[in-house]
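Structural description and commentary
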Amino acid sequence: MTADRANAVRRIAFLGTGLMGAPMARRLLKAGFPVTVWNRDASKTEALATDGASLAATAADAARDADVVFTMLSDGNAVGQVLFEAGVAEVLRAGATVVDSSSIAPPIARDHAARLAELGVAHVDAPVSGGVVGAEAGALAIMAGGKAEVIAGLTDVFAALGRVTHVGPAGAGQVCKLANQQIVAITIGAVAEAMILVEAGGADRGRFRDAIRGGFAESRILDLHGARMVNRTFAPGGPSRLQLKDLDAIAAMADLLDLELPLTAVVRSEFRDFVTDGGGEKDHSALLLHLEKVNGREREKDQ
């Protein structure tokens, strides 16, 4: 059988079709892969049927006979529960591959890889960066941990989603995703503080953002999240509670490796206070609201 023919019939199961999972599943469908989808809240799979997806009542039903199983779930506990308690691992055939695009702790990813290997199932931890916009455009940055030959064999699958980089052995993808989230959180905090400073000093936030575009402070955070802060639109692309979850995982990893990460510790504390104060479902760019509150610069319409 030729490689092209094998790729044409490769069957994909996608478990978890929330903010990120749904557009990723659509990209795979548009690339011509047969995709079966499952989500704990079944209503989140219904729209995908119009894009050609098959709907499954259970995660195990979706994974049965699949060649590649994607998981895009909230945390490591959810991934473990679906894989090993909901029957997914039991129905996977030897030679199948699980691609976990969730953001979970590296030790959990390594444990999942070892347990699946005992069943003859390959595992790739492949968290992504780029948000909903990147998922919809097929422009995600994919950080893949696992065996090089397994990742190379999924080139056509990953191509539908974005740009994949093999970053090391099992768990390495999750380490890189945590480092990515570390940079994202600190940069969001920096942009938010700058927005407060320029307004307090009498400058216009929107024009400030325009003025520094193209300079050394340019970034995707300034571009996308800076615009959210200027326009005060905080519907979640990345909920603050998930940003805090990642920062907690970074803190645990730093403790394990005996590292001091002072900037990360400060921004983690700010996100924890914001989430505790009810901001968990707002976009992580809404950290601006917390920092405005700390500075006594809340706006009435945001309260």
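All values reported here derive from a predicted model rather than from experimental measurement.

Our focus in this paragraph is the overall build of the protein chain. Counting its secondary structure elements, the protein chain contains 16 helices and 9 strands. The C-alpha atoms of the protein chain give a radius of gyration of 20 Å, which matches the 19 Å a tight globule of 303 residues would have. Along the first, second and third principal axes, the C-alpha atoms of the protein chain reach 65 × 45 × 35 Å. For the protein chain, restricting intrachain contacts to residue pairs at least 6 apart in sequence, the fraction spanning at least 24 positions comes to 64%. Counting every atom, the protein chain has about 14200 Å² of accessible surface; 54% of that belongs to carbon and sulfur. Charged side chains of the protein chain number 31 positive and 37 negative; the gap between the two group centres comes to 4 Å.

Before going further, it helps to examine the side chain of Asp67. With respect to the element layout, Asp67 can be found in the loop between helix H4 (59–63) and strand E4 (68–71). At a separation of 2.7 Å, a polar atom in the side chain of Asp67 contacts the main-chain amide nitrogen of Arg11.

On to a nonpolar patch on the surface, then. Among the surface-exposed residues, Leu256, Leu257 and Leu259 lie close enough to one another that they form a single nonpolar patch of about 310 Å² accessible area. Examined against the element boundaries, Leu256 turns out to sit in helix H14 (residues 240–256). Look at Leu256 and you get exposed, because its relative accessible area is 64%.

Moving on, we get to the nonpolar core. In this structure, Phe14, Leu28, Phe70 and Val124 are the most contacted members of the largest nonpolar core, which totals 31 residues. Contributions of two or more residues to this core are made by strand E1 (12–15), helix H2 (21–30), strand E2 (35–38), E4, helix H8 (131–137), strand E8 (140–145), helix H9 (148–152) and helix H10 (155–159). Counting residues per element, this core draws most heavily on H2, which supplies 4 residues. Residue contacts for Val124: discarding those within four places in its chain leaves Thr97, Val98, Val99, Asp100, Ala144, Gly145, Val150, Ile151, Leu154 and Phe158. In this structure, Val184, Phe234, Ala249 and Leu289 belong to the second largest nonpolar core, which totals 26 residues.

This brings us to the pattern of salt bridges. Considering all chains together, one arrives at 20 salt bridges under this definition. Of the charged contacts in the structure, one is a salt bridge between Glu292 and Arg205, with a shortest N-O distance of 2.9 Å. Of the two residues, Glu292 is situated in helix H16 (residues 287–294) and Arg205 in helix H12 (residues 205–212); the sequence distance between them amounts to 87 residues. Both residues of the pair, Glu292 and Arg205, belong to the buried class.

So, on to the layout of surface pockets. Looking at the largest pocket, its volume works out to about 1400 Å³. What lines the largest pocket is a set of 50 residues, and nearest its centre among them are Met20, Gly237, Gly238, Pro239 and Leu242. Those elements giving two or more residues to the lining of the largest pocket turn out to be strand E7 (128–129), H8, helix H11 (172–200), helix H13 (220–231) and H14. Among the elements that line the lining of the largest pocket, the one with the most residues is H11, at 6 residues. Split by residue class, the lining of the largest pocket holds 17 nonpolar, 22 polar and 11 charged.

Looking now at unusual backbone geometry. Unusually for a residue other than glycine, Arg232 sits at a positive phi of about 55°. Mapped onto the fold, Arg232 is located in the loop between H13 and H14. The exposure class assigned to Arg232 is buried, which follows from its relative accessible area of 11%. Phi at Asp258 is positive, roughly 60°, even though this residue is not glycine. On the secondary structure map, Asp258 appears in the loop between H14 and helix H15 (262–279).

Attention shifts here to the side chain of Gln243. If you trace the backbone, Gln243 turns up in helix H14. Judged by its relative accessible area of 2%, Gln243 falls in the buried class.

Our next topic: the packing of H14 against H15. It is the contact of H14 with H15, at a shortest axis distance of 9 Å, that shows an interaxial angle of 145°. Remark: the crossing between H14 and H15 carries left-handed chirality. Residues Ser240, Arg241, Gln243, Leu244, Leu247, Asp248, Ile250 and Ala251 of H14 form the contact with H15, whose own contacting residues are Thr264, Val267, Arg268, Phe271, Arg272, Phe274, Val275 and Gly279.

Another aspect to go through is the environment of Pro34. Examined against the element boundaries, Pro34 turns out to sit in the loop between H2 and E2. On the basis of relative accessibility, which here comes to 37%, the residue Pro34 falls in the partly exposed class. For the pair formed by Pro34 and Phe70, sequence separation is 36 residues and the distance between their alpha carbons is 13 Å.

Analysis parameters
Residues numbered from 1 in each chain as written. Predicted model: local features only at pLDDT ≥ 70, side-chain atom pairs only at ≥ 80, totals over all residues. Heavy atoms only, no water. Helix = DSSP H or I, 4+ residues; strand = E, 2+ residues; numbered from the N terminus. Rg over C-alpha atoms; globule rule 2.2 N^0.38 Å. Contact = heavy atoms within 4.5 Å. Areas by Shrake-Rupley, 256 points an atom, 1.4 Å probe, with all protein chains shown as cover. Lys, Arg positive; Asp, Glu negative; His and termini not counted. Charge placed at Lys NZ, Arg CZ, Asp CG, Glu CD. Polar contact = N/O pair within 3.5 Å; in protein donor to acceptor, adjacent residues only side chain to side chain. Patch = residues over 30% accessible without salt bridge, like charges linked within 9 Å, V, L, I, M, F, W, Y side chains within 5 Å. Salt bridge = Lys/Arg side-chain N within 4 Å of Asp/Glu carboxyl O. Buried < 20%, exposed > 50% of the residue type's maximum accessible area, 1.4 Å probe, protein only. Core = buried A, V, L, I, M, F, W, Y, C linked by side-chain atoms within 4.5 Å. 1 Å grid on protein atoms, 1.4 Å probe; cavity = no way out; pocket = protein on both sides within 12 Å on 5 of 7 lines; lining within 4 Å. Points joined across faces, edges and corners; volume = space filled by probe spheres on them. Nonpolar A, V, L, I, M, F, W, Y, C, P; charged D, E, K, R; others polar. Axes fitted to C-alpha atoms, helices over the stretch in contact; angles between N-to-C directions. Left-handed = near helix turned anticlockwise from the far one by under 90°.

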